[in-house]
Amino acid sequence: MTRRTEWADPQEPGPQRARSRRGGPDGTGDGTTSKTDREPPPQDPAERARAICLRLLTGTPRTRKQLADALKKREIPDEISEEVLSRFEEVGLINDAAFADAWVESRHHGRGLARRALARELRTKGVDATVVDEAVAQLDADREEETARALVARKLRSTRGLDRDRRLRRLAGMLARKGYPEGMALRVVRQALQEEGDAADDLYEP
């Protein structure tokens, strides 16, 4: 039996178009997909804002300014952003004062940062100046100097072999970068070098 070959008419629709003309796979409808079927309706801006904030707050506290910047970047209208952020503050999900207190404790203990450096970091995160002042006030001068001494003690050995002036500049510079006042930094380093020299003299004294 000879199979008849049928050549497609270029003017006729292909299989996909034929399906659309005949209807859907089950023979009903027009076989086409509407735009509303392909794309979900746009999400409510307030719902989007809440979802963004909750995602950013998961596991990591944020300041109100950080969240506001994130919402602005995602083109959330300002009035919606303010409404959502205020609500988050009311329920305690945003608390800049608690954020600042925790930041000061963590960064001072972990990195040895002084009040000046901590205040600068908090300001860059958008924390209000009054809240910053209250947070860094928990570090008194005595605790700050104690931390400075510990930092110098850890770095002192690595500077051995240098002349005294270079050691003084290097160690004082390290403290300055962490926000310690110049006067305190020089005093702490000089005392550490003097104590090291006294200890060496005692060690080799006949």
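Residues numbered from 1 in each chain as written. Predicted model: local features only at pLDDT ≥ 70, side-chain atom pairs only at ≥ 80, totals over all residues. Heavy atoms only, no water.

Section: the environment of Arg111
In step 1: Tracing the backbone through its elements, the reader meets Arg111 in helix α6 (residues 96-111).
In step 2: Sequence separation between Arg111 and Leu151 is 40 residues; the distance between their C-alpha atoms is 9.4 Å. (Helix = DSSP H or I, 4+ residues; strand = E, 2+ residues; numbered from the N terminus.)

Quick look at the side chain of Asp96
In step 1: Among the secondary structure elements, Asp96 is positioned in helix α6.
In step 2: At 7.0 Å, Arg64 is the nearest oppositely charged side chain to Asp96, a buried residue that forms no salt bridge.
In step 3: At a separation of 3.1 Å, a polar atom in the side chain of Asp96 contacts the main-chain amide nitrogen of Arg64.
In step 4: When sequence neighbours within four positions are dropped, the list of residues in contact with Asp96 reads Arg62, Thr63, Arg64 and Val131. (Buried < 20%, exposed > 50% of the residue type's maximum accessible area, 1.4 Å probe, protein only. Lys, Arg positive; Asp, Glu negative; His and termini not counted. Salt bridge = Lys/Arg side-chain N within 4 Å of Asp/Glu carboxyl O. Polar contact = N/O pair within 3.5 Å; in protein donor to acceptor, adjacent residues only side chain to side chain. Contact = heavy atoms within 4.5 Å.)

Here we look at helix α7 (residues 115-124)
In step 1: Those residues of α7 that fall on the buried side of the exposure criterion are Ala117, Leu118, Ala119, Glu121 and Leu122.
In step 2: Looking at the buried side of α7, the elements it contacts are α6 and α8 (129-136).
In step 3: Two residues or fewer after α7 comes Gly126, characterised by a positive phi angle close to 85°.

Any functional reading would require information beyond the geometric quantities listed.
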